[in-house]
Amino acid sequence: MICEAAERFEGLAETYALHRPGYPVAAFSDLATQVDSPARIAVDVGAGPGNSTRALRAALPQDWLVMAVEPGRDMRRVLARSFRDEPRVQVDEGAAEALPLPNGSAGLLTACAAFHWFDRAAFFTEAARVLAPGGVLALVRNRRVPCPLVAAFDAYVAEQSVEVSDFQARERSKEPTVRDLGALEAFRSGKSRTYSWQQEMETQGLIDLYLTRATVWALVRRMGLGRVLEDLRALCEIHGGAGRFTLEWETTVKWTRRR
């Protein structure tokens, strides 16, 4: 059975894979150095179509197996297709709160962008179960660095949204603090690191990126795709036209080690 959160993205896997950004390989390489366990299974929880799995696999040595766990049928279809020729990646159906792994089997467990859809308490309990002592739990999230066009898009979504009364508070609540991670039973103190990088794109690419967001699809369902596209294209004309621009990103990694 597909969980309610996963159902929101049914039919969007191809678009998500095409327009959502990946992650810096260095972020996962650095996480691997923090693992103090012989376990060589890395679990990408809520892997979607594989945007994060690709960087995770590239970062890890050949003796690691990457398990990409995803509850959504559509996302899992694209995920399995992306890695069908990669023996080091195993695609599994499963939820963050009920992972298909035995106790103490994983050395690294990552959740990238999907964490805010999880039942936090149940996920942390499950992470403690599947991680071996010395294994690392990491939460990874991409953020767009504000520029006039990004700020205009964010303001538009916040203004038009009726699903979220306080858009900024929702964004802040998407992940725990380092202190929250350090307070988890069975884990050590939390740490954080941010990686800066750039992406060259057309303004239409930014529109396509925003159309992969659940909050924007809520607007599409209420206002219609044509109206939302018209509004976003008008903002592009006001803040830079239809040319290429550099989108600045920050990838923040928060992690803690299993006792």
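Throughout, residues of each chain are indexed from 1 in the direction in which the sequence is written. Confidence filtering applies because this is a predicted model: local features only for residues at pLDDT of at least 70, side-chain atom pairs given and counted only at 80 or more, and all residues used for totals across whole chains, interfaces and linings. Hydrogen atoms and water are omitted, and side-chain values are computed over all heavy atoms in the structure.

Quick look at the side chain of E70
Here is the rule we go by: Put simply, DSSP H or I for four residues or longer makes a helix, DSSP E for two residues or longer makes a strand, and each gets a number counted from the N terminus. Under the scheme applied here, a residue whose accessible area is under 20% of the maximum for its type counts as buried, over 50% as exposed, and between as partly exposed, the area being computed with a 1.4 Å probe on protein chains only. Counting rule applied: Lys, Arg positive; Asp, Glu negative; His and chain ends not counted. Any Lys or Arg side-chain nitrogen found within 4 Å of a carboxyl oxygen on Asp or Glu counts as a salt bridge. Residues adjacent in sequence count toward polar contacts only when both atoms are side-chain atoms; beyond that, a polar contact is any pair of N or O atoms within 3.5 Å, and within protein one must be able to donate a hydrogen and the other to accept it. What makes two residues a contact is simply this: any of their non-hydrogen atoms within 4.5 Å.
Turning to its location among the elements, E70 is positioned in the loop between β2 (65–69) and α5 (73–82). For E70, which is buried and forms no salt bridge, the nearest opposite charge comes from R76, at a distance of 6.0 Å. Of the polar contacts made by the side chain of E70, one reaches the backbone nitrogen of G48; its length is 2.8 Å. Once you skip the residues sitting within four places of it in the chain, E70 turns out to touch G46, A47, G48, M75, R76, L79, D92, E93 and G94.

Re α5
Along α5, the residues classified as buried are D74, M75, R76, V78 and L79. For α5, the secondary structure elements touched by its buried residues are α2 (13–19), α4 (51–59), β2 and β3 (89–92).

With respect to the pattern of salt bridges
Where side chains of opposite charge bring their charged atoms close, a pairing between them can arise. According to the stated counting rule, one finds 15 salt bridges in the structure shown. One salt bridge connects E93 with R76, and the closest N-O pair in it is separated by 3.7 Å. You can see E93 sitting in the loop between β3 and β4 (106–112) and its partner R76 sitting in helix α5, a full 17 residues away along the chain. We classify R76 as buried; its relative accessible area is 16%.

Quick notes on the nonpolar core
Put simply, the rule reads: We define the nonpolar core as a collection of buried residues of types Ala, Val, Leu, Ile, Met, Phe, Trp, Tyr and Cys that are connected through side-chain atoms lying within 4.5 Å of one another.
Membership of the largest hydrophobic core comes to 26 residues, with the highest contact counts inside it found for F28, L31, A42, L56, L60, L108 and V253. Contributions of two or more residues to this core are made by α3 (25–34), α4, β2, β4, β5 (131–144) and β7 (244–257). Among the elements that take part in this core, α3 stands out by supplying four residues, more than any other.

Observations concerning the pairing of β5
Along any regular strand the residues' side chains alternate between the sheet's two faces. How we decide: Strands were regarded as paired on the criterion that DSSP finds at least two bridges between them. Convention used here: a crossover is right-handed provided that the path from the first strand, over the helix, to the second strand proceeds clockwise when the strands point away from the viewer.
Where burial is concerned, most of β5 is hidden: 11 out of the 14 residues are buried. Sheet topology places β4 next to β5; six bridges connect them, and they run parallel. When the sheet's bridge partners are listed, A106 is paired in β5 with L131. After leaving β4, the chain enters helix α6 (residues 120–130) and then returns to the sheet as β5, a path that is right-handed. Here β5 runs beside β7; their pairing, made up of nine bridges, is antiparallel. Bridging across to β7, N142 finds its partner in T251.

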